[in-house]
Amino acid sequence: MNLLELRHVSKNYATESTPVPALNGVSLNVSEGEFVALVGRSGCGKSTLLNLAGAMDLPTSGDVLIDGQSTSALSEAALTKLRREKVGFIFQSFQLLPTLSVVENIELPLLLAHRSGARQSALDRLGSVGLEGYDARMPYQLSGGQMQRVAIARALVHQPRLLLADEPTGNLDSVTGDSVLELLLHISRQHRMTIIMATHSREAAAIAGTVLTMRDGRFVE
Ligand code: ADP
Ligand code: MG
């Protein structure tokens, strides 16, 4: 079964004047363990697609199915539960909480989901992204590449089925960016993690098994 399925999905953003079309009838199947890159210029709809794929937002029409469940059919509470259990998200700007230490940032999703053993799981994850011993540091004491590794550890700590990465190397220099891409590839292979990564860089996209090009809210050849 497909872990993620988009069926004729359109998304228009309501604005004060005319609605902005961001996705125009997109269909997509992503199977378990697949690494998909969405590539295209700024404004083509990549972030919109990721937000729908992670149940952070709902389509205007069409269906988004995560693990066979249509997000449009779920209550707000069920959507929150689905996000907390099945999805991990990483962002261009890392989005670490500045007042929490590294290990506190990583364990937060587990605490929110009322899971036990949060501290030990967070420490294990930190080691798996190559940052053993950095647990007590504050985010401002890390380099950009280290911050993104912490964000990746946080995104994976609750063992999601689906990892969504929105321009994960966008704020990094090319060498550091490459090492983050290597880490994602390793996670994809080692854990058979399903990953969807948005990027405007063809070079970054090339590491993925499937590369989909977007333009004006559609896939193009
Ligand atoms: P990308 O991530 O590829 O840069 P986005 O998905 O962010 O593209 O944006 C797709 C289109 O939707 C763009 O035209 C953008 O301006 C518009 N858009 C995105 N978010 C909003 C929003 N919250 N309100 C209105 N328009 C939006
Ligand atoms: Mg974007």
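Residues numbered from 1 in each chain as written. Chains lettered and ligands numbered in written order. Predicted model: local features only at pLDDT ≥ 70, side-chain atom pairs only at ≥ 80, totals over all residues. Heavy atoms only, no water.

Caption draft 1: Up close: the packing of helix α5 (residues 144-156) against helix α6 (residues 174-190). Between α5 and α6, the shortest axis-to-axis distance is 10 Å and the interhelical angle comes to 20°. The angle between α5 and α6 places the two elements in the roughly parallel class. Here α5 runs over α6; the crossing is right-handed. Counted together, Gly145, Gln148, Arg149, Ile152 and Leu156 of α5 and Thr176, Ser179, Val180, Leu183, Leu184 and Ile187 of α6 form the full contact between these two elements. (Axes fitted to C-alpha atoms, helices over the stretch in contact; angles between N-to-C directions. Helix = DSSP H or I, 4+ residues; strand = E, 2+ residues; numbered from the N terminus. Parallel < 35°, antiparallel > 145°, perpendicular 65-115°, else oblique. Left-handed = near helix turned anticlockwise from the far one by under 90°. Contact = heavy atoms within 4.5 Å.)

Caption draft 2: Spatial organisation of the pattern of salt bridges. Within this structure, the stated rule accounts for eight salt bridges. One salt bridge connects Lys46 with Glu167, and the closest N-O pair in it is separated by 4.0 Å. Taken together, the residues span a long stretch of sequence, with Lys46 in helix α1 (residues 46-53) and Glu167 in the loop between β7 (162-166) and α6 at a distance of 121 residues. For the residue pair Lys46 and Glu167, the accessibility class agrees, reading buried in each case. (Salt bridge = Lys/Arg side-chain N within 4 Å of Asp/Glu carboxyl O. Buried < 20%, exposed > 50% of the residue type's maximum accessible area, 1.4 Å probe, protein only.)

Caption draft 3: A look at the sheet that holds β7. Here we have six strands laid out as an open sheet, ordered β6-β7-β8-β3-β9-β10, and mixed in their pairing. Because the sheet does not close on itself, it has two edges, and the strands there are β6 (87-91) and β10 (218-220). Neighbour-to-neighbour, the strand axes of this sheet turn through a mean angle of 25°, independent of strand direction. Alignment of β6 against β7, held across five bridges, turns out to be parallel. Opposite Phe91, over in β7, you have Asp166 as the bridge partner. (Pairing = 2+ DSSP bridges.)

Caption draft 4: Layout of helix α4 (residues 118-128). Listing the buried residues of α4 in full gives Ala118, Ala122, Arg125 and Leu126. For α4, the angular spread of the buried residues around the axis is 105°, confining them to a single face. Of the surrounding elements, those touching the buried residues of α4 are α3 (102-112) and α5. Once α4 finishes, Gly130 follows within two positions and takes phi at roughly 85°, a positive value. (Arc of directions from axis to C-beta.)

Caption draft 5: Quick peek at the sheet that holds strand β2 (residues 20-31). Ordered in space as β2-β1-β4-β5, the four strands form an open sheet in which the pairing is antiparallel. On the outer flanks of this sheet lie β2 and β5 (69-70), each paired with one strand and no other. Pairing between strand β1 (residues 2-13) and β2: eight bridges, direction antiparallel. Among the inter-strand pairings, Lys11 is bridged to a residue of β2, identified as Leu23.

Caption draft 6: Structural detail: the site of ligand 1. In the neighbourhood of ligand 1, the contacting residues comprise Tyr13, Thr15, Val20, Ala22, Arg41, Ser42, Gly43, Cys44, Gly45, Lys46, Ser47 and Thr48. A distance of 2.8 Å separates an oxygen atom of ligand 1 from a polar side-chain atom of Ser47. The fraction of the free accessible surface of ligand 1 (560 Å²) that becomes covered by protein chains is 61%. Elements with a contribution of two residues or more to the shell around ligand 1: β2 and α1. Per-element tally for the shell around ligand 1: the top contributor is α1, with three residues. (Near = heavy atom within 4 Å. Polar contact = N/O pair within 3.5 Å; in protein donor to acceptor, adjacent residues only side chain to side chain. Areas by Shrake-Rupley, 256 points an atom, 1.4 Å probe, with all protein chains shown as cover.)

Caption draft 7: Focus on the environment of Val36. Position of Val36 among the secondary structure elements: in strand β3 (residues 35-39). Look at Val36 and you get buried, because its relative accessible area is 1%. C-alpha of Val36 to C-alpha of Leu212: the two residues are 176 residues apart in sequence and 7.3 Å apart in space.

Caption draft 8: Spatial organisation of the pairing of β7. Most of β7 sits out of view: five of its five residues are buried. Neither face of β7 is open: one carries Leu162, Leu164 and Asp166, the other Leu163 and Ala165, and all of them are buried. Note: β7 against strand β8 (residues 194-199), five bridges, orientation parallel. Paired with Asp166 across the bridge in β8 is Ala198. For the crossover that starts at β7, traverses α6 and ends in the parallel β8, the hand is right-handed. (Right-handed = clockwise from strand over helix to strand, strands pointing away.)

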